Number of protein chains: 2
Amino acid sequence: MATPRTDPVTLEVVELIGTVVARYYEEYERAAAAHSLTGAQARVLGLLSMEPMPMRKVANKLRCEPSNITGIVDRLEARGLVERRPDPSDRRVKLAAPTKEGIGTARQLREALGFAREPLAELSDAERTVLRDLLRRMLGANAALERSQP
Amino acid sequence: MATPRTDPVTLEVVELIGTVVARYYEEYERAAAAHSLTGAQARVLGLLSMEPMPMRKVANKLRCEPSNITGIVDRLEARGLVERRPDPSDRRVKLAAPTKEGIGTARQLREALGFAREPLAELSDAERTVLRDLLRRMLGANAALERSQP
DNA sequence: TATTGTTATACTCTATAACTATA
DNA sequence: TATAGTTATAGAGTATAACAATA
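All values reported here derive from a predicted model rather than from experimental measurement. (Residues numbered from 1 in each chain as written. Chains lettered and ligands numbered in written order. Predicted model: local features only at pLDDT ≥ 70, side-chain atom pairs only at ≥ 80, totals over all residues. Heavy atoms only, no water.)

**Overview of the protein's contact with DNA strand D**
Reasoning step 1: Surrounding DNA strand D, one finds 21 residues, the nearest of these being R56 and R84 of chain A together with T38, N68 and R75 of chain B.
Reasoning step 2: Each atom of DNA strand D within 4 Å of the protein was assigned to sugar, phosphate or base; sugar and phosphate come to 67%.
Reasoning step 3: A distance of 2.7 Å separates a phosphate oxygen of DNA strand D from a polar atom in the side chain of R84 of chain A.
Reasoning step 4: Within the side chain of R92 of chain A, an N or O atom sits 2.9 Å from a base oxygen of DNA strand D.
Reasoning step 5: When residues of the surface near DNA strand D are traced back to their parent elements, those giving at least two are α3 (55-62) and α4 (66-78) of chain A together with α2 (39-50) and α4 (66-78) of chain B.
Reasoning step 6: Here the element with the most residues in the surface near DNA strand D is α4 of chain B; it accounts for 4 residues.
Reasoning step 7: The residue makeup of the surface near DNA strand D, split by class, is 6 nonpolar, 6 polar and 9 charged. (Near = heavy atom within 4 Å. Polar contact = N/O pair within 3.5 Å; in protein donor to acceptor, adjacent residues only side chain to side chain. Helix = DSSP H or I, 4+ residues; strand = E, 2+ residues; numbered from the N terminus. Nonpolar A, V, L, I, M, F, W, Y, C, P; charged D, E, K, R; others polar.)

Spelled out as structure tokens, the structure:
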């Protein structure tokens, strides 16, 4: 493991990343609130819009206790955005799946998240590629894997 | 305002930024929990460790309602990490300030946030400079200003 | 009158533990 | 016995509205 640096450039990059994180979160909460959703509800809906899954898997993805998902899905279901389906292969399991309306809301949420893409338009194709490669190396080769797995 | 891009490189960068945000938040919560603090408490303590300030200013910095700060500072005060001081120039104002112990805890929290610095050690000096310049342009020239102001 | 901080209220998220129905 | 989902509970964060003290 490499030693953390404390030179001015490194410290400024850390500061810039902190700004990215703060701005990203604000933008996300604002997009969710525009649909009268909380951040947690928007995250669950976004996850399910990619692929319906058992309640427990939602909890694993979001790294929280399964009991929390019960309440969040309750509220999304009351809003008509998500529904619970039986799993034919295991009657203990309930599959959480977005409704037609939920899929539409999830799509609007993704499109509203302009922050992450819009500033990138300021960069050239070559610069975006450089940025991608630097972020890849920062996060390690298995970063994408981590996020897409349980 | 430039048009958001939808090419594969841009979309991957967006995904990578999402990963950065998720990892940064996890690391922050973990560091706070190691001191039996919530994320919100750690953020307030970190803010006050830079400079004591009125309760209302804390709320402005964290972009939340002032009434929330009352409770968070209550808990930090009960832990002996923060104290309320009168403002000599305005008796309505209470200045929230870290105690000696609070300053120490804030320092430990900063040092524990290895994530943001450690992966940067994988990059060369030149690469970190490139990354800095790309992030600067992404965030705009006034990004640092925004964060350090009310 | 306006501002600062607080209180009261209601809702949501969170973890923990106990419960049920399945496996 | 073990697992999936739920319920019950308690603590914390959040916004809103109303309040006392001060400007």
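**Here we look at the nonpolar core**
Reasoning step 1: Among the nonpolar cores identified, the biggest contains 28 residues, and I17, L131 and L135 of chain A together with I17, L131 and L135 of chain B are the most heavily contacted of them.
Reasoning step 2: Counting only elements with at least two residues in this core, the list comes to α1 (8-33) and α7 (125-139) of chain A together with α1 (8-33) and α6 (125-139) of chain B.
Reasoning step 3: With near-sequence residues (within four places) excluded, L135 of chain B lies in contact with V13, L16, I17 and V20 of chain A. (Core = buried A, V, L, I, M, F, W, Y, C linked by side-chain atoms within 4.5 Å. Buried < 20%, exposed > 50% of the residue type's maximum accessible area, 1.4 Å probe, protein only. Contact = heavy atoms within 4.5 Å.)

**Some remarks on the protein's contact with DNA strand C**
Reasoning step 1: Close to DNA strand C lie 21 residues; T38, S67, N68 and R75 of chain A together with R56 of chain B are nearest.
Reasoning step 2: For DNA strand C, the backbone portion of the atoms within 4 Å of the protein, that is sugar and phosphate, comes to 68%.
Reasoning step 3: At 2.7 Å from a phosphate oxygen of DNA strand C is found a main-chain nitrogen or oxygen belonging to R56 of chain B.
Reasoning step 4: Here a phosphate oxygen of DNA strand C sits 2.9 Å away from a polar atom, N or O, in the side chain of T70 of chain B.
Reasoning step 5: For the surface near DNA strand C, the secondary structure elements donating two or more residues are α2 (39-50) and α4 of chain A together with α3 (55-62) and α4 of chain B.
Reasoning step 6: By residue number, the principal contributor to the surface near DNA strand C is α4 of chain A, which donates 4 residues.

The values are spatial; any link to function lies outside them.
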